[in-house]
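Each chain is listed here by its residues.
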Amino acid sequence: MDLFKKCNDFTRADDIKALGFYPYFRAIEENEGPVVQIEGKKVVMAGSNNYLGLTAHPKVKEAALEAIRKYGTGCSGSRYLTGTLDLHIELESRLAKFFGTEAVLLFSTGYQSAQGIIPTLVQGKNEYVVSDKDNHACIVAGQIMAKGLTANLERYKHNDMADLERVLSKLPIDSPKLLVSDGVFSTGGEIVHLKKLVELAKKYNARTLMDDAHSVGVIGKGGRGTASEFGLEEEVDLTMGTFSKTFASLGGFVAGKERVINYLKHHSSALIFSASPTPASVASALAALTILEEEPWRVEKLISNANKIREELTAAGFNIIDGRTAIVPVIVGNDDIAFAMWKKLYEAGVFVNVFISPGVPQGRQMMRTSYMSTHEDEHLDFIINTFKKIGKELGLI
Ligand code: PMP
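All figures in this text were calculated on a predicted structure; none of them were measured in a lab.

### Digging into the overall build of the chain
Okay, so step 1: Counting secondary structure elements, the chain contains 15 helices and 15 strands.
Okay, so step 2: Over its C-alpha atoms the chain spans a radius of gyration of 21 Å, differing by no more than 12% from the 21 Å that the globule rule assigns to 397 residues.
Okay, so step 3: Viewed in the frame of its principal axes, the chain has a C-alpha envelope of about 55 × 55 × 55 Å.
Okay, so step 4: A burial count over the chain gives 54% of its 397 residues as buried.

See below:
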């Protein structure tokens, strides 16, 4: 049997394209944040992770250009060898200060950060990764790598602390464990039950890693993320994150104790064998961090924008996963309605993300909407009214 048979037999995407419902890989031609141009048409963006709208901020753009002028376009080497710039070190120390941790290490993407942290720390036959079932795909990839290195993998029900305790209590107390969770879950937007999670980690001898991709710039004091949200900065061992959302750039990081960061620096193959983030990426993340520190109102505006949508769509009768982050998932129930709704929204001028099975369980198919601090009332009202009109047409409300 030919290895590529599965590729030749894969027609689902083509079938959906032929029906005109294909929502993926749409090319954005212009991007000013809340409004983007796709296929020559302006649409209101309600699906970006550009939470503070900083990809279009003049200071962020200028910082990237200035870094290109000074350092060129790429680093052509890994952090370990020829790829460390003073800019990388500056961003690491600025982030360490921001989070109040001893040290920070940058990676080239958030996805790569998980792969650089988890299998580097958890490898041994008696070591365990304990993970929420709904954790992001990059954590799953990191776990699979750890398992490949002979470590053990345990999963618990989504954000279910009773199930977490059931899992932890079965494991040998002396065995080293890494307990990993999204701080804000990327699909549903829920916040992890951190207080209980940290309590269980202590009780059962586990270290903790929070993925704060959707938390930084969104929750916590001045957008400092999940540990800060709960006042548990001292209890969370490691926080990882990304520059692809609030920081308006590309790259990832991990924050924690100096000894642990130092170990990762010298053992993490995702760091050592991959080129470092480009000068423009680092400089734009630095500029975004400065804006986040100096203008905390942006975080408040982001949450009030998302809350407005959450409240109005709930009042209109939509099935919304409740929360208080930038993500507002609108459950529609099956793949057909999901594609139909996406298409109608797009044609009416609203761009959202559509999540279908098997990416989400049957019945949880959704329009995964997310907001920015740069959305104005006119954008939000347009999104709400368009959802209401189409929700009625499809019998959802
Ligand atoms: N973690 C979570 C929870 C995410 O949602 C994402 C991106 N969608 C990542 C990690 C990966 O980040 P990056 O885009 O920097 O690879």
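### Section: the pattern of salt bridges
Okay, so step 1: With the rule as written, the count across this model stands at 22 salt bridges.
Okay, so step 2: With its nearest N and O atoms 2.9 Å apart, the salt bridge here joins aspartate 335 to arginine 12. Of the two residues, aspartate 335 sits in helix H14 (residues 335–348) while arginine 12 sits in helix H2 (residues 12–18), which places them 323 residues apart along the sequence.
Okay, so step 3: The exposure class of arginine 12 is partly exposed, given its relative accessible area of 38%.
Okay, so step 4: Between glutamate 229 and arginine 324 there is a salt bridge, with the nearest N and O atoms lying 2.5 Å from each other.

### With respect to the sheet that holds strand E4 (residues 103–107)
Okay, so step 1: Taken together, the 7 strands give an open sheet; going across it, the order is E4-E10-E9-E8-E7-E5-E6, and neighbouring strands pair in mixed fashion. Only two strands of the sheet have a single neighbouring strand rather than two, namely E4 and strand E6 (152–156). When the angles between neighbouring strand axes are averaged without regard to direction, this sheet yields 20°.
Okay, so step 2: One ladder, built from 4 bridges, connects strand E9 (residues 238–242) with strand E10 (residues 252–256); its direction is antiparallel.

### Structural notes on the packing of helix H13 (residues 297–315) against helix H15 (residues 377–393)
Okay, so step 1: In the contact formed by H13 and H15, the axes pass within 10 Å of each other and the chain directions differ by 25°. Viewed along their axes, H13 and H15 adopt a mutual orientation that is roughly parallel. Where H13 crosses over H15, the handedness of that crossing is right-handed. Here H13 contributes Asn305, Lys308, Ile309, Glu312 and Leu313 to the contact with H15, which in turn contributes Asp377, Leu380, Asp381, Ile383, Ile384, Phe387 and Lys388.

### Let's talk about the nonpolar core
Okay, so step 1: In this structure, Leu91, Leu95, Phe243, Phe247 and Phe253 are the most contacted members of the largest nonpolar core, which totals 39 residues.
Okay, so step 2: Secondary structure elements with two or more residues in this core: helix H3 (58–71), helix H4 (86–99), E4, E10, helix H12 (279–294) and H13.
Okay, so step 3: Tallying contributions element by element places H12 first for this core, with 9 residues.
Okay, so step 4: Residue contributions to this core reach at least three from each of two domains, namely domain 1 (5–49 + 296–393) and domain 2 (58–294).
Okay, so step 5: Those residues within four positions of leucine 95 in sequence are excluded, and the remaining contacts are Val104, Leu106, Phe243, Phe247, Phe253 and Leu289.
Okay, so step 6: With 36 residues, the next largest nonpolar core counts Ile309, Phe318, Ile384 and Phe387 among its residues.

### A word on the domain arrangement of the chain
In many analyses, interface size is given as the accessible surface area lost on bringing the parts together.
Okay, so step 1: Once the domains are mapped, the chain shows domain 1 (5–49 + 296–393) and domain 2 (58–294).
Okay, so step 2: One C-alpha centre belongs to domain 1, the other to domain 2; they are set 27 Å apart.
Okay, so step 3: Taken together, the contact pairs 17 residues of domain 1 with 22 residues of domain 2.
Okay, so step 4: Carbon and sulfur atoms make up 60% of the surface buried where domain 1 meets domain 2, a total of about 1,400 Å² over both sides.
Okay, so step 5: Remark: the boundary between domain 1 and domain 2 carries 3 residue pairs in polar contact (both at pLDDT 80 or more).
Okay, so step 6: Class assignment of the residues belonging to the side of domain 1 that touches domain 2 gives a composition of 11 nonpolar, 2 polar and 4 charged.

### Some words on a positive patch on the surface
Okay, so step 1: Residues Lys133, Lys147, Arg155 and Lys157 make up a contiguous surface patch of positive charge.
Okay, so step 2: On the basis of relative accessible area, lysine 133 is assigned to the exposed category, the value being 51%.

### Here we look at the sheet that holds strand E15 (residues 366–370)
Hydrogen bonding along the main chain pairs the strands of a sheet, whether they run parallel or antiparallel.
Okay, so step 1: If you trace the 4 strands from one edge of the open sheet to the other, you get E11-E12-E15-E14, paired in antiparallel fashion. Taken across any chain shown, the strands that pair with only one partner, and hence form the sheet edges, are strand E11 (319–320) and strand E14 (353–355).
Okay, so step 2: As defined by bridge partners, strand E12 (residues 327–331) adjoins E15 across 5 bridges and the pair is classed as antiparallel. Looking at E15, one finds that isoleucine 327 is bridged to serine 370.

### What to know about the pairing of E15
Okay, so step 1: Along E15, 5 of the 5 residues are buried, which leaves the element largely enclosed by surrounding structure.
Okay, so step 2: Alternating positions in E15 separate into two faces, Met366, Arg368 and Ser370 on one and Met367 and Thr369 on the other, with burial throughout.
Okay, so step 3: Note that E14 and E15 share 3 bridges and pair antiparallel. Bridged to valine 354 within E15 is methionine 367.

### What about the site of the ligand?
Okay, so step 1: What surrounds the ligand is a group of 14 residues, the closest being Gly110, Asp211, His214, Thr242 and Lys245.
Okay, so step 2: Taking tyrosine 111, its main chain carries an N or O atom lying 2.9 Å from an oxygen atom of the ligand.
Okay, so step 3: One of the side-chain nitrogen or oxygen atoms of histidine 214 is found 2.6 Å away from an oxygen atom of the ligand.
Okay, so step 4: Taken by itself the ligand offers 400 Å² of open surface, and the protein chains cover 84% of this.
Okay, so step 5: Looking at the shell around the ligand, its residues break down into 3 nonpolar, 8 polar and 3 charged.

### Focus: the packing of helix H7 (residues 161–170) against helix H8 (residues 194–203)
When two helices pack together, their arrangement is given by the angle between the helix axes and the distance between those axes.
Okay, so step 1: At a minimum axis separation of 10 Å, H7 and H8 run at an interaxial angle of 10°. Between H7 and H8, the angle is such that the two are roughly parallel. Residues Met161, Leu164, Glu165 and Leu168 of H7 pack against Lys196, Leu197, Leu200 and Lys203 of H8.
Okay, so step 2: Of the residues belonging to the contact of H7 with H8, the class tally is 5 nonpolar, no polar and 3 charged.

Conventions and cut-offs
Sequence order as written defines residue numbering, which begins from 1 separately in each chain. Two thresholds apply to this predicted model, a pLDDT of at least 70 for residue-level local features and 80 or more for giving and counting side-chain atom pairs, whereas whole-chain, interface and lining totals are computed over all residues. Excluding hydrogens and water, the side-chain values take into account all heavy atoms of the structure. Strands are runs of DSSP state E lasting at least 2 residues, helices are runs of H or I lasting at least 4, and numbering of each runs from the N terminus. We compute the radius of gyration over the C-alpha atoms and compare it with the globule rule, which gives 2.2 Å times the number of residues raised to the power 0.38. Buried residues are those whose accessible area, probed at 1.4 Å on protein chains only, stays under 20% of the maximum for their type, while exposed residues exceed 50% and partly exposed ones sit between those limits. Whenever a carboxyl oxygen of Asp or Glu lies within 4 Å of a side-chain nitrogen of Lys or Arg, that contact is scored as a salt bridge. Two strands pair under a simple rule: DSSP has to find at least two bridges between them. Interaxial angles span 0 to 180 degrees and are taken between N-to-C directions of axes, which are lines fitted to C-alpha atoms, for helices over the stretch in contact. By definition in this entry, angles of less than 35 degrees are roughly parallel, angles greater than 145 are roughly antiparallel, angles of 65 to 115 are roughly perpendicular, and the rest are oblique. Crossings are assigned a handedness: left-handed for a near helix turned anticlockwise from the far helix by less than a right angle, right-handed for a clockwise turn. Whether two residues touch is decided by their heavy atoms; if any such pair falls within 4.5 Å, the residues are in contact. Buried Ala, Val, Leu, Ile, Met, Phe, Trp, Tyr and Cys residues form a nonpolar core when they are joined through side-chain atoms within 4.5 Å. By convention here, the domain bounds are inherited from an automatic or database domain assignment. Accessible area that two parts lose when put together, with a 1.4 Å probe and added across both, is what the buried area reports. Within 3.5 Å is the distance limit for a polar contact, defined as a pair of N or O atoms, with the added protein rule that one can donate a hydrogen and the other accept it, and that residues adjacent in sequence qualify only through two side-chain atoms. Just so you know the grouping, Ala, Val, Leu, Ile, Met, Phe, Trp, Tyr, Cys and Pro go in nonpolar, Asp, Glu, Lys and Arg go in charged, and all remaining residues, Gly too, go in polar. Like-charged residues within 9 Å of one another, or nonpolar side chains (Val, Leu, Ile, Met, Phe, Trp, Tyr) within 5 Å, are grouped into patches, provided each residue has over 30% relative accessible area and no salt bridge. For every accessible area listed, the method is Shrake-Rupley and the probe measures 1.4 Å; residues are considered covered only by the protein chains on display. When charges are counted, Lys and Arg contribute as positive and Asp and Glu as negative, whereas His and the chain ends are disregarded. Charged side chains are reduced to one point each, which is NZ for Lys, CZ for Arg, CG for Asp and CD for Glu. Here a residue counts as near a molecule or strand whenever at least one of its heavy atoms sits within 4 Å of it.

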